[in-house]
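Structure assessment
The primary structure of each chain is shown beneath.
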Amino acid sequence: MKHLLATDGLDAATATAVLDTADELKHTLLGREVKKLPTLRGRTVITLFYENSTRTRVSFEIAGKWMSADVINVSASSSSVNKGESLRDTALTLAAAGADCMIVRHPASGAAHRLSGWLAEAGTSVVNAGDGTHEHPTQALLDAATLRERLGSLQDRRIAIVGDVLHSRVARSNIHLLTTLGAEVVLVAPPTLLPVGVDKLPVTVSHDLDAELPAVDAVMMLRVQAERMTGGGPGQSFFPSAREYSISYGLSERRQALLPEHAVVLHPGPMLRGMEIAHAVADSPASAVTEQVRNGVHVRMAVLYHLLASEGAAA
Amino acid sequence: MTADVRPPAEAVSTALVIKGARPYGEGEPVDVLVRDGVIAEIGSVTVPEGAEVIEAAGQVLLPGFVDLHTHLREPGREDTETVESGSAAAALGGYTAVFAMANTDPVADNALVTDHVWRRGQEAGLVDVHPVGAVTVGLKGEKLAELGTMAKSVAGVRVFSDDGVCVADPLLMRRALEYSTALDAVIAQHAEEPRLTVGAQAHEGEQASRLGYPGWPASAEESIVARDCLLALHANARLHVCHVSTAGTVDVLRWAKERGTKVSAEVTPHHLLLTDDRLETYDPVNKVNPPLRTGSDAERLRAALAEGVVDCVATDHAPHAPQDKDTEWNAARPGMLGLQTALSVVVETMVKPGLLDWRGVARVMSERPAEIGNLPEHGRPLATGEPANLTLVDPAAEWTVRGAELASIAANTPYEGMRLPGVVTATLLRGRITAREGKIR
């Protein structure tokens, strides 16, 4: 594996290998006072973030540091981007300075793919940490890791992805990865928050959350991405009100009671408590939100390992 | 209908003979004698002493192409194209006349700019450059530009367009259409309902949804075309629809034409050949406005062009600098080069599948655009006494597209490395060879 740009096209064997590595790393570090492995000593990893992020950037930074890589954080707001430098020139500069791996978050869909092309000569690996409304592959991998822990296997499991699918790179990455790993996916959202052509994806679609909940093994709530709801004025209303959204698509305590006992509740965060998910549900034993964050570090360690340290790293 | 106020460009007095070409690709090969800028004789011609001879056995003779939709970027972005470099690209592509769009910097919304562009075209002398005037001041869609002044200027503007943006206000569009009727002009609309395309980056459909591109819905084009056809019918005015890209627009055009609307429409070569499958590359060389649509849209466009529901081919030639294209998709400017590849793409998409014969090619690339743009010297029949604005094509030849080798200053072609059929071997403007065997004369 040279880059991790998307889960679309990621085969089950590779995905499973990353998840298995994450699992091993988690157990290796379990209970250790000093969480440090020498695996990536001498390697330089740069996070290049063009959008604000705390959890993803910190997760990658910790992952790199626990593997003994030198991790450098670059954000658009405090870099030469502010002086008008293009993404291409910034990336080439960082590669020339010695980056072995670049972890990029960018508002443009496809930015990570473009970056991998520009950096082909330099040999720098690229990890997509979220590009526009396209993909966020490590989020999907950490979700899958969490679901594997809770459910044992994803084969034939039914998972509901609920909410703002249209603007969600998390949903896109999860649709591809979960179905590759054998799960069934049902999207539950108002028609305005579903992408055109959704019927061509390997999913079923529902507008009735109550009807779906009794038959799912997991429910993945999505963040309502108000910042992506462009159009201005009346057209910005993808749904009539937060109240109506909550009534129709929020995971309330009443709705949680419809879930099977073993069902897992996920949310990529940050959560809009009271609207997307009830406070009590978010903090309930069924909720795996904190585990998602914890697993995120191990999954990202595993991704860096497969890119930079495994036998296939030079391929 | 033929109020051409500008003086005719100088025609050459020496004789020239095209030997062995087939006019419109039909019948037996003939010789064509060109003298004093006109076709003097067609048949078996005795070569006059001192005459230049073009050996054209196996080649197709056509009226010179006319492009209703070219961006020459001068004034303002001469780093990507100038009137001179764009004229060279046009001549090499077989064109004898082009319409230069108004979205320059400054905008061609007044006679000073339109006359400047026209004069630069005259100086280059490779094709007739006809500036398009803006419909509204600064392309802002707020106030009509001085259409009458531009129409009466030396450039004799007859096509007005805010191309790049849509004249979205229905009342302003109605006024523009009404006003244009007194000028014997046509309003060329970039049909895009702006409220439906805020942030749009690609055709709204399966591909864009999968890859996460904000969508540009087909209905944003179709709704404006439907509205404008009704307005044009009401005003009894001439409407031209730029770069038709969807099957739904074809249906609207058919309906409007059946009702007697004075509407014409163009399709670009890239919308005939390329589809939104190209989004997979994430390479903004494929980013264009309107966006590349689906395979079924392209199929309907090809059928509509063959049938005449879509009148003509126009390039939407849009040069861009590397820093505006070799970037992430969202940051890239829309547009691609088109002048030198148009004929080949038409051959690939229309001639090879049997949708158009060469007479049909003449119709969609010469005759109809000249009629729509009101150019009496262009798109004329291949007959004695007609202006010798001519294009010779080798239908059997192929070429490999290399952006850096094209005459444009910019090199943003989506056909890079592609092998295409049909080669323009010579272009004549009023009897003078402007391009020959891939070189400017």
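Here, residues in each chain are numbered from 1, in the same order as that chain's written sequence. The naming scheme follows written order: chains are lettered A onward, ligands numbered 1 onward. Only residues with pLDDT of at least 70 get local features here, since the model is predicted, and only at 80 or more are side-chain atom pairs given and counted; chain-wide, interface and lining totals rely on the full set of residues. Only hydrogens and water are removed before side-chain values are computed, so all heavy atoms of the structure are retained for them.

Using the following cut-off: UniProt positions are given in the numbering used here, feature names are shortened, and annotations may be inferred rather than shown by experiment.
Looking at an unreviewed UniProt entry, one finds chain B named Dihydroorotase, with Amycolatopsis sulphurea as its source organism. Listed under Catalytic activity (unreviewed entry) in UniProt, the entry text for chain B is "(S)-dihydroorotate + H2O = N-carbamoyl-L-aspartate + H(+)".

As annotated in an unreviewed UniProt entry, chain A is Aspartate carbamoyltransferase from Amycolatopsis sulphurea. Chain A has a UniProt comment under Subunit (unreviewed entry) that states "Heterododecamer (2C3:3R2) of six catalytic PyrB chains organized as two trimers (C3), and six regulatory PyrI chains organized as three dimers (R2)." UniProt, in its Pathway (unreviewed entry) section for chain A, records the words "Pyrimidine metabolism; UMP biosynthesis via de novo pathway; (S)-dihydroorotate from bicarbonate: step 2/3."

1. Quick word on helix H3 (residues 87–96) of chain A
All names here are of chain A. Condition: Residue exposure (1.4 Å probe, protein chains only): buried if accessible area is under 20% of the type maximum, exposed if over 50%, otherwise partly exposed. A helix here means a DSSP run of H or I that spans at least four residues, while a strand means a run of E at least two residues long, and both kinds are numbered starting from the N terminus. What the arc describes is the spread of directions from the helix axis to the C-beta atoms. In what follows, residue pairs with any heavy atoms lying within 4.5 Å of each other are defined as contacts.
Turning to H3, its buried residues are Leu 87, Thr 90, Ala 91, Leu 94 and Ala 95. Mapping the buried residues of H3 onto a view down its axis gives an arc of 130°, with all of them on the same face. Next to the buried residues of H3 lie strand E1 (44–49), strand E2 (70–75), strand E3 (101–106) and helix H4 (111–118). The first or second residue beyond H3 is Gly 98, which carries a positive phi of 120°.

2. Quick word on the packing of aromatic side chains
The line we're drawing: Pairing of aromatic rings covers Phe, Tyr and Trp, the last through its six-membered ring, and needs centres within 6.5 Å; plane angles under 30 degrees mean stacked, over 60 mean edge-to-face, and all others mean tilted.
In total, this model carries five aromatic pairs over all chains according to the counting rule given. For the ring pair Tyr 245 of chain A and Tyr 249 of chain A, a centre distance of 5.9 Å and an interplane angle of 40° mean the geometry is tilted. In this pair, Tyr 245 of chain A and Tyr 249 of chain A are both assigned in helix H8 (residues 242–249), four residues apart and thus about one turn of the helix distant. By relative accessible area, which is 2% here, Tyr 245 of chain A ends up buried. Overall, the relative accessible area of 8% leaves Tyr 249 of chain A in the buried class. Seen from their ring centres, Tyr 213 of chain B and Trp 329 of chain B are 5.0 Å apart, and the 65° between their planes marks the pair as edge-to-face. Note that Tyr 213 of chain B is positioned in the loop between helix H5 (206–211) and strand E12 (215–216) and Trp 329 of chain B in the loop between helix H10 (322–325) and helix H11 (342–351), a separation of 116 residues in sequence. Neither Tyr 213 of chain B nor Trp 329 of chain B differs from the other in exposure class; each is buried.

3. Observations regarding the UniProt feature "binding site: carbamoyl phosphate" (unreviewed entry) in chain A
All names here are of chain A. In the numbering used here, UniProt assigns the feature "binding site: carbamoyl phosphate" (unreviewed entry) to Arg 55, Thr 56, Arg 105, His 136, Gln 139, Gly 269 and Pro 270. Overall, Arg 105 belongs to the buried group, its relative accessible area being 7%. Its place among the elements puts Pro 270 in the loop between strand E9 (264–266) and helix H10 (279–282). Residues in contact with Pro 270, not counting those within four places in the same chain, are Arg 55, Arg 223 and Glu 276.

4. Examining the UniProt feature "binding site: Zn(2+) 1" (unreviewed entry) in chain B
All names here are of chain B. Just so we agree on the cut-off: Here a polar contact is recorded for every N or O atom pair within 3.5 Å, except that within protein the pair must consist of a potential hydrogen donor and a potential acceptor, and residues adjacent in sequence are included only if both atoms are side-chain atoms.
The positions that UniProt labels "binding site: Zn(2+) 1" (unreviewed entry) are, in the present scheme, His 69, His 71, Asp 163 and Asp 316. Spanning 248 residues, the named residues nonetheless gather at one spot, since no C-alpha pair among them exceeds 9.8 Å. One can find His 69 in strand E6 (residues 65–70). The contacts of His 69, once residues within four sequence positions are left out, are Phe 99, Met 101, Asp 163, Cys 242, His 243, Glu 266, Ala 314, Thr 315, Asp 316 and His 317. Within the structure, His 69 has its side chain in polar contact with the side chain of Asp 163 (distance 2.8 Å). Relative to the elements of secondary structure, Asp 163 occurs in the loop between strand E9 (159–161) and helix H4 (170–180). For Asp 163, a relative accessible area of 4% corresponds to the buried category. In contact with Asp 163, not counting residues within four places along its chain, are His 69, His 71, Met 101, Asn 103, His 190, Cys 242, His 243 and Asp 316.

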